[in-house]
Amino acid sequence: MEEQIITAYLCFWLAVFGAVLGSFLDCAASRWAAGERMFAGRSHCAACGHTLGAGDLVPVFSFLLRRGKCKYCGERIPSDCLWAELGGAAALACVGRRFGWGPALGQWLIFAAVLLALSLADAHRRVLPGRLLAALAVNRAVWLLLLREDLKAAALAALTACAVPAGLLALVLLAEKLAGREVMGGGDIKLLFALALYLTWAQLLLALLAGCLAGLAWAALAGRRRGTAVAFGPFLAAGALYAVCWGEPLIQWYFGLF
(Lines give C-alpha, C1' and ligand atoms only; values in the text may rest on other atoms or scores of the structure.)
Protein backbone atom coordinates (compact mmCIF):
# COMPACT_ATOMS: atom_id res chain seq x y z
CA MET A 1 0.00 0.00 0.00
CA GLU A 2 2.80 2.38 0.90
CA GLU A 3 4.56 1.67 -2.39
CA GLN A 4 1.37 2.44 -4.33
CA ILE A 5 0.99 5.78 -2.55
CA ILE A 6 4.60 6.70 -3.33
CA THR A 7 4.11 5.75 -6.99
CA ALA A 8 0.89 7.79 -7.18
CA TYR A 9 2.70 10.77 -5.64
CA LEU A 10 5.53 10.40 -8.15
CA CYS A 11 3.13 10.15 -11.09
CA PHE A 12 1.18 13.21 -9.97
CA TRP A 13 4.21 15.46 -9.91
CA LEU A 14 5.58 14.00 -13.12
CA ALA A 15 2.23 14.77 -14.75
CA VAL A 16 2.44 18.37 -13.53
CA PHE A 17 6.00 18.71 -14.78
CA GLY A 18 5.06 17.02 -18.06
CA ALA A 19 2.22 19.48 -18.67
CA VAL A 20 4.57 22.42 -18.05
CA LEU A 21 7.19 20.85 -20.32
CA GLY A 22 4.58 20.25 -23.04
CA SER A 23 3.50 23.89 -22.89
CA PHE A 24 7.11 25.10 -23.10
CA LEU A 25 8.05 22.78 -25.96
CA ASP A 26 4.92 23.61 -27.94
CA CYS A 27 5.71 27.31 -27.65
CA ALA A 28 9.28 26.67 -28.80
CA ALA A 29 8.13 24.46 -31.70
CA SER A 30 5.53 26.97 -32.90
CA ARG A 31 8.11 29.79 -32.85
CA TRP A 32 10.60 27.59 -34.68
CA ALA A 33 8.01 26.78 -37.34
CA ALA A 34 7.24 30.49 -37.75
CA GLY A 35 10.91 31.38 -38.12
CA GLU A 36 11.07 33.20 -34.79
CA ARG A 37 13.66 32.88 -32.04
CA MET A 38 12.55 29.95 -29.92
CA PHE A 39 13.68 31.07 -26.48
CA ALA A 40 13.59 34.86 -26.75
CA GLY A 41 10.82 37.08 -25.44
CA ARG A 42 7.80 36.38 -23.28
CA SER A 43 4.80 34.33 -24.35
CA HIS A 44 2.14 36.30 -26.21
CA CYS A 45 -1.12 35.80 -28.05
CA ALA A 46 -0.44 34.95 -31.68
CA ALA A 47 -3.50 36.94 -32.78
CA CYS A 48 -3.30 40.23 -30.84
CA GLY A 49 0.30 40.07 -29.59
CA HIS A 50 -0.69 40.76 -25.96
CA THR A 51 1.89 39.52 -23.46
CA LEU A 52 0.51 36.68 -21.38
CA GLY A 53 0.76 36.71 -17.60
CA ALA A 54 1.32 33.82 -15.20
CA GLY A 55 -2.42 33.28 -14.82
CA ASP A 56 -2.78 32.84 -18.58
CA LEU A 57 -0.12 30.15 -18.74
CA VAL A 58 -1.31 27.52 -16.25
CA PRO A 59 -1.13 24.28 -18.27
CA VAL A 60 -4.49 22.76 -19.24
CA PHE A 61 -6.54 24.82 -16.77
CA SER A 62 -5.97 28.20 -18.46
CA PHE A 63 -7.13 26.75 -21.78
CA LEU A 64 -10.22 25.14 -20.28
CA LEU A 65 -11.20 28.12 -18.09
CA ARG A 66 -10.94 30.48 -21.08
CA ARG A 67 -12.78 27.94 -23.25
CA GLY A 68 -9.89 27.93 -25.69
CA LYS A 69 -10.03 31.69 -26.34
CA CYS A 70 -7.68 34.58 -25.62
CA LYS A 71 -9.15 36.70 -22.83
CA TYR A 72 -7.70 39.86 -24.39
CA CYS A 73 -9.00 39.59 -27.97
CA GLY A 74 -11.34 36.61 -27.95
CA GLU A 75 -9.55 34.76 -30.74
CA ARG A 76 -9.35 30.99 -30.49
CA ILE A 77 -6.15 29.51 -29.07
CA PRO A 78 -4.80 26.64 -31.19
CA SER A 79 -5.77 23.31 -29.64
CA ASP A 80 -2.15 22.19 -30.21
CA CYS A 81 -1.32 23.86 -26.89
CA LEU A 82 -3.80 21.75 -24.95
CA TRP A 83 -2.80 18.50 -26.67
CA ALA A 84 0.89 19.19 -26.05
CA GLU A 85 0.25 19.78 -22.34
CA LEU A 86 -1.93 16.68 -21.98
CA GLY A 87 0.56 14.62 -23.99
CA GLY A 88 3.46 15.73 -21.82
CA ALA A 89 1.55 14.98 -18.63
CA ALA A 90 0.49 11.52 -19.85
CA ALA A 91 3.94 10.59 -21.17
CA LEU A 92 5.87 11.39 -18.00
CA ALA A 93 3.21 9.97 -15.69
CA CYS A 94 3.15 6.68 -17.62
CA VAL A 95 6.92 6.41 -17.48
CA GLY A 96 6.83 7.10 -13.74
CA ARG A 97 4.22 4.39 -13.22
CA ARG A 98 6.17 1.89 -15.29
CA PHE A 99 9.62 2.38 -13.74
CA GLY A 100 8.94 3.98 -10.35
CA TRP A 101 11.73 5.39 -8.23
CA GLY A 102 14.98 3.95 -9.49
CA PRO A 103 18.15 4.64 -11.47
CA ALA A 104 16.51 3.80 -14.81
CA LEU A 105 13.79 6.44 -14.39
CA GLY A 106 16.09 9.25 -15.51
CA GLN A 107 16.83 7.55 -18.84
CA TRP A 108 13.15 7.03 -19.64
CA LEU A 109 12.05 10.51 -18.56
CA ILE A 110 14.56 12.05 -20.95
CA PHE A 111 13.46 9.52 -23.59
CA ALA A 112 9.83 10.65 -23.20
CA ALA A 113 10.77 14.35 -23.18
CA VAL A 114 12.80 14.08 -26.39
CA LEU A 115 10.00 12.11 -28.08
CA LEU A 116 7.58 14.88 -27.07
CA ALA A 117 9.87 17.52 -28.60
CA LEU A 118 10.22 15.46 -31.79
CA SER A 119 6.46 15.01 -32.01
CA LEU A 120 5.77 18.73 -31.68
CA ALA A 121 8.45 19.62 -34.23
CA ASP A 122 6.95 17.14 -36.70
CA ALA A 123 3.41 18.36 -36.03
CA HIS A 124 4.33 22.02 -36.58
CA ARG A 125 6.79 21.72 -39.46
CA ARG A 126 6.73 18.10 -40.71
CA VAL A 127 10.39 17.72 -39.78
CA LEU A 128 12.14 15.50 -37.25
CA PRO A 129 15.25 17.54 -36.36
CA GLY A 130 18.52 15.63 -36.58
CA ARG A 131 19.80 17.19 -33.36
CA LEU A 132 16.88 15.77 -31.39
CA LEU A 133 17.35 12.34 -32.97
CA ALA A 134 21.03 12.53 -32.03
CA ALA A 135 20.04 13.54 -28.47
CA LEU A 136 17.89 10.42 -28.28
CA ALA A 137 20.86 8.25 -29.24
CA VAL A 138 23.28 10.07 -26.91
CA ASN A 139 20.87 9.70 -23.98
CA ARG A 140 20.88 5.93 -24.43
CA ALA A 141 24.66 5.80 -24.69
CA VAL A 142 25.14 7.85 -21.52
CA TRP A 143 22.69 5.81 -19.44
CA LEU A 144 24.13 2.59 -20.81
CA LEU A 145 27.33 3.54 -18.99
CA LEU A 146 25.67 5.05 -15.92
CA LEU A 147 23.52 1.97 -15.37
CA ARG A 148 26.51 -0.30 -16.03
CA GLU A 149 24.63 -2.47 -18.47
CA ASP A 150 26.29 -5.30 -20.35
CA LEU A 151 27.64 -3.52 -23.43
CA LYS A 152 27.82 -6.65 -25.59
CA ALA A 153 24.27 -7.68 -24.75
CA ALA A 154 22.98 -4.14 -25.36
CA ALA A 155 24.80 -3.92 -28.70
CA LEU A 156 23.42 -7.30 -29.81
CA ALA A 157 19.89 -6.30 -28.80
CA ALA A 158 20.19 -3.00 -30.68
CA LEU A 159 21.50 -4.71 -33.83
CA THR A 160 18.65 -7.21 -33.69
CA ALA A 161 16.09 -4.43 -33.24
CA CYS A 162 17.62 -2.50 -36.15
CA ALA A 163 16.39 -5.27 -38.43
CA VAL A 164 12.89 -3.77 -38.10
CA PRO A 165 13.67 -0.28 -39.49
CA ALA A 166 16.12 -1.79 -42.01
CA GLY A 167 13.42 -4.09 -43.36
CA LEU A 168 10.90 -1.25 -43.40
CA LEU A 169 13.37 0.98 -45.24
CA ALA A 170 13.74 -1.66 -47.97
CA LEU A 171 9.96 -1.92 -48.33
CA VAL A 172 9.55 1.86 -48.41
CA LEU A 173 12.21 2.29 -51.12
CA LEU A 174 10.53 -0.40 -53.21
CA ALA A 175 7.09 1.15 -52.71
CA GLU A 176 8.37 4.60 -53.62
CA LYS A 177 9.98 3.26 -56.78
CA LEU A 178 6.74 1.60 -57.83
CA ALA A 179 4.48 4.48 -56.83
CA GLY A 180 6.77 7.24 -58.03
CA ARG A 181 6.21 9.32 -54.89
CA GLU A 182 7.31 9.54 -51.27
CA VAL A 183 5.62 6.91 -49.11
CA MET A 184 7.29 7.56 -45.75
CA GLY A 185 9.52 10.37 -44.56
CA GLY A 186 13.20 9.69 -44.02
CA GLY A 187 12.97 11.22 -40.55
CA ASP A 188 10.52 8.52 -39.47
CA ILE A 189 12.97 5.79 -40.49
CA LYS A 190 15.76 7.56 -38.58
CA LEU A 191 13.50 7.76 -35.54
CA LEU A 192 12.91 4.01 -35.75
CA PHE A 193 16.66 3.38 -35.79
CA ALA A 194 17.04 5.63 -32.71
CA LEU A 195 14.22 3.75 -30.96
CA ALA A 196 16.02 0.48 -31.71
CA LEU A 197 18.62 1.54 -29.13
CA TYR A 198 15.95 1.34 -26.43
CA LEU A 199 13.37 -1.21 -27.55
CA THR A 200 13.59 -4.90 -28.39
CA TRP A 201 12.64 -5.96 -31.90
CA ALA A 202 9.23 -7.15 -30.61
CA GLN A 203 8.59 -3.86 -28.83
CA LEU A 204 9.63 -1.94 -31.94
CA LEU A 205 7.22 -3.91 -34.11
CA LEU A 206 4.46 -3.25 -31.59
CA ALA A 207 5.35 0.45 -31.54
CA LEU A 208 5.20 0.61 -35.33
CA LEU A 209 1.86 -1.22 -35.43
CA ALA A 210 0.35 0.93 -32.67
CA GLY A 211 1.62 4.10 -34.36
CA CYS A 212 0.10 3.09 -37.72
CA LEU A 213 -3.26 2.25 -36.14
CA ALA A 214 -3.32 5.50 -34.16
CA GLY A 215 -2.38 7.50 -37.27
CA LEU A 216 -5.10 5.85 -39.36
CA ALA A 217 -7.69 6.40 -36.62
CA TRP A 218 -6.76 10.07 -36.31
CA ALA A 219 -6.84 10.59 -40.08
CA ALA A 220 -10.31 9.00 -40.24
CA LEU A 221 -11.66 11.05 -37.33
CA ALA A 222 -10.13 14.26 -38.70
CA GLY A 223 -11.66 13.60 -42.11
CA ARG A 224 -8.35 13.54 -43.93
CA ARG A 225 -8.61 12.56 -47.59
CA ARG A 226 -6.75 9.57 -48.95
CA GLY A 227 -3.24 10.52 -50.06
CA THR A 228 -3.05 13.54 -47.73
CA ALA A 229 0.29 13.74 -45.94
CA VAL A 230 0.13 13.17 -42.18
CA ALA A 231 2.93 13.80 -39.67
CA PHE A 232 3.72 10.26 -38.51
CA GLY A 233 6.30 11.19 -35.86
CA PRO A 234 3.79 11.89 -33.05
CA PHE A 235 2.01 8.56 -33.61
CA LEU A 236 5.27 6.63 -33.77
CA ALA A 237 6.41 8.30 -30.54
CA ALA A 238 3.10 7.42 -28.87
CA GLY A 239 3.44 3.84 -30.09
CA ALA A 240 6.95 3.62 -28.64
CA LEU A 241 5.79 4.88 -25.24
CA TYR A 242 2.90 2.41 -25.31
CA ALA A 243 5.28 -0.46 -26.13
CA VAL A 244 7.64 0.52 -23.30
CA CYS A 245 5.02 1.18 -20.63
CA TRP A 246 2.21 -1.22 -21.50
CA GLY A 247 3.32 -3.53 -24.27
CA GLU A 248 5.06 -6.36 -22.44
CA PRO A 249 1.87 -8.24 -21.38
CA LEU A 250 0.58 -8.09 -24.96
CA ILE A 251 3.88 -9.34 -26.36
CA GLN A 252 4.02 -12.18 -23.85
CA TRP A 253 0.41 -13.12 -24.65
CA TYR A 254 1.16 -13.19 -28.36
CA PHE A 255 4.27 -15.36 -28.02
CA GLY A 256 2.31 -17.64 -25.69
CA LEU A 257 0.06 -18.58 -28.63
CA PHE A 258 2.90 -20.52 -30.26
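Quick note: structure is the one above.
Residues numbered from 1 in each chain as written. Predicted model: local features only at pLDDT ≥ 70, side-chain atom pairs only at ≥ 80, totals over all residues. Heavy atoms only, no water.

A look at the packing of helix H1 (residues 2-33) against helix H3 (residues 80-99)
Here is step 1 of the chain: Contact geometry for H1 and H3: axes closest at 6 Å, N-to-C directions at 145 degrees. The two elements H1 and H3 cross, and the hand of that crossing is right-handed. Residues Thr7, Leu10, Cys11, Leu14, Ala15, Phe17, Gly18, Ala19, Gly22, Ser23 and Asp26 of H1 form the contact with H3, whose own contacting residues are Asp80, Cys81, Ala84, Glu85, Gly88, Ala89, Leu92, Ala93, Gly96 and Arg97.
Here is step 2 of the chain: Taken together, the residues that form the contact of H1 with H3 break down as 11 nonpolar, 6 polar and 4 charged. (Axes fitted to C-alpha atoms, helices over the stretch in contact; angles between N-to-C directions. Helix = DSSP H or I, 4+ residues; strand = E, 2+ residues; numbered from the N terminus. Left-handed = near helix turned anticlockwise from the far one by under 90°. Contact = heavy atoms within 4.5 Å. Nonpolar A, V, L, I, M, F, W, Y, C, P; charged D, E, K, R; others polar.)

Structural notes on unusual backbone geometry
Here is step 1 of the chain: The phi angle at Arg126 is positive, at roughly 55 degrees, despite the residue not being glycine.
Here is step 2 of the chain: Of note, Arg126 is situated in the loop between helix H4 (104-125) and helix H5 (130-146).
Here is step 3 of the chain: Given a relative accessible area of 45%, Arg126 falls into the partly exposed group. (Buried < 20%, exposed > 50% of the residue type's maximum accessible area, 1.4 Å probe, protein only.)

Topic: the side chain of Arg140
Here is step 1 of the chain: Within the fold, Arg140 resides in helix H5.
Here is step 2 of the chain: Among the polar contacts listed, one links the side chain of Arg140 to the side chain of Gln107, at a separation of 2.8 Å.
Here is step 3 of the chain: Apart from the residues lying within four places of it in its own chain, the contact partners of Arg140 are Gln107, Glu149, Ala154, Leu197 and Tyr198. (Polar contact = N/O pair within 3.5 Å; in protein donor to acceptor, adjacent residues only side chain to side chain.)

Side note on the pattern of salt bridges
Here is step 1 of the chain: The full count for this structure, using the stated rule, is 1 salt bridge.
Here is step 2 of the chain: Its salt-bridge partner being Arg140, residue Glu149 comes within 2.9 Å of it at the nearest N-O pair.
Here is step 3 of the chain: Relative accessible area serves as the criterion here: at 12%, Arg140 is assigned to the buried category. (Salt bridge = Lys/Arg side-chain N within 4 Å of Asp/Glu carboxyl O.)

A word on the nonpolar core
Here is step 1 of the chain: Ranked by internal contacts, the top residues of the largest apolar core, which has 44 residues, are Phe111, Leu115, Leu136, Leu191, Leu195 and Leu199.
Here is step 2 of the chain: Elements that contribute at least two residues to this core include exactly H1, H3, H4, H5, helix H7 (163-179), helix H8 (186-195), helix H9 (201-221) and helix H10 (233-255).
Here is step 3 of the chain: In terms of residues, this core owes the most to one element, H10, which gives 9 residues.
Here is step 4 of the chain: Among residues more than four places away in sequence, those in contact with Leu199 are Phe111, Ala161, Leu204, Ala207, Ala240, Ala243 and Val244.
Here is step 5 of the chain: Counting 7 residues, the second largest nonpolar core, distinct from the first, contains Leu21, Leu25, Ala29 and Ala84. (Core = buried A, V, L, I, M, F, W, Y, C linked by side-chain atoms within 4.5 Å.)

Points about the packing of aromatic side chains
Here is step 1 of the chain: According to the stated counting rule, one finds 10 aromatic pairs in the structure shown.
Here is step 2 of the chain: Between the aromatic rings of Tyr9 and Trp13, the centroid separation amounts to 6.4 Å while the plane-to-plane angle is 70 degrees, which identifies the pairing as edge-to-face. Of the two residues, Tyr9 and Trp13 are both situated in helix H1; the distance of 4 residues between them amounts to about one turn of the helix.
Here is step 3 of the chain: Look at Tyr9 and you get exposed, because its relative accessible area is 54%.
Here is step 4 of the chain: Plain terms: the ring middles of Tyr254 and Phe258 are 5.2 Å apart, the flat faces sit at 70 degrees to each other, and that makes the pair edge-to-face.
Here is step 5 of the chain: Here the aromatic residues Phe99, Trp108, Phe111 and Tyr198 are joined through ring pairs into a cluster of three or more. (Phe/Tyr/Trp six-rings, centres within 6.5 Å; stacked < 30°, edge-to-face > 60°.)

Quick notes on a nonpolar patch on the surface
Here is step 1 of the chain: A surface patch of nonpolar side chains, about 1100 Å² in accessible area, is lined by Trp201, Leu205, Tyr242, Trp246, Leu250, Trp253, Tyr254, Phe255, Leu257 and Phe258.
Here is step 2 of the chain: For the nonpolar patch, the secondary-structure elements that each account for two or more residues are H9 and H10.
Here is step 3 of the chain: Looking at the element boundaries, Trp201 is found in helix H9.
Here is step 4 of the chain: Take Trp201: its relative accessible area is 40%, and that puts it in the partly exposed class. (Patch = residues over 30% accessible without salt bridge, like charges linked within 9 Å, V, L, I, M, F, W, Y side chains within 5 Å. Areas by Shrake-Rupley, 256 points an atom, 1.4 Å probe, with all protein chains shown as cover.)

Notes on the packing of H4 against H10
Each packed pair of helices is defined by two parameters, the angle between the axes and the distance between the axes.
Here is step 1 of the chain: At their nearest, the axes of H4 and H10 sit 8 Å apart, and the two run at 160 degrees to each other. It follows that H4 is roughly antiparallel to H10 by the angle criterion. Judged by the twist between their axes, the crossing of H4 over H10 is left-handed. For the pair H4 and H10, the contacting residues are Trp108, Phe111, Ala112, Leu115, Ser119, Asp122 and Ala123 in the first and Gly233, Pro234, Ala237, Ala240, Leu241 and Val244 in the second. (Parallel < 35°, antiparallel > 145°, perpendicular 65-115°, else oblique.)

What to know about the side chain of Asn139
Here is step 1 of the chain: By the element assignment, Asn139 lies in helix H5.
Here is step 2 of the chain: Side-chain polar atoms of Asn139 contact the backbone oxygen of Gln107, separated by 3.2 Å.
Here is step 3 of the chain: Within the local environment of Asn139, its side chain forms a polar contact with the side chain of Tyr198, the two groups lying 3.0 Å apart.
Here is step 4 of the chain: The residues touching Asn139, leaving out its near neighbours within four places in the chain, are Gln107, Ile110, Phe111 and Tyr198.

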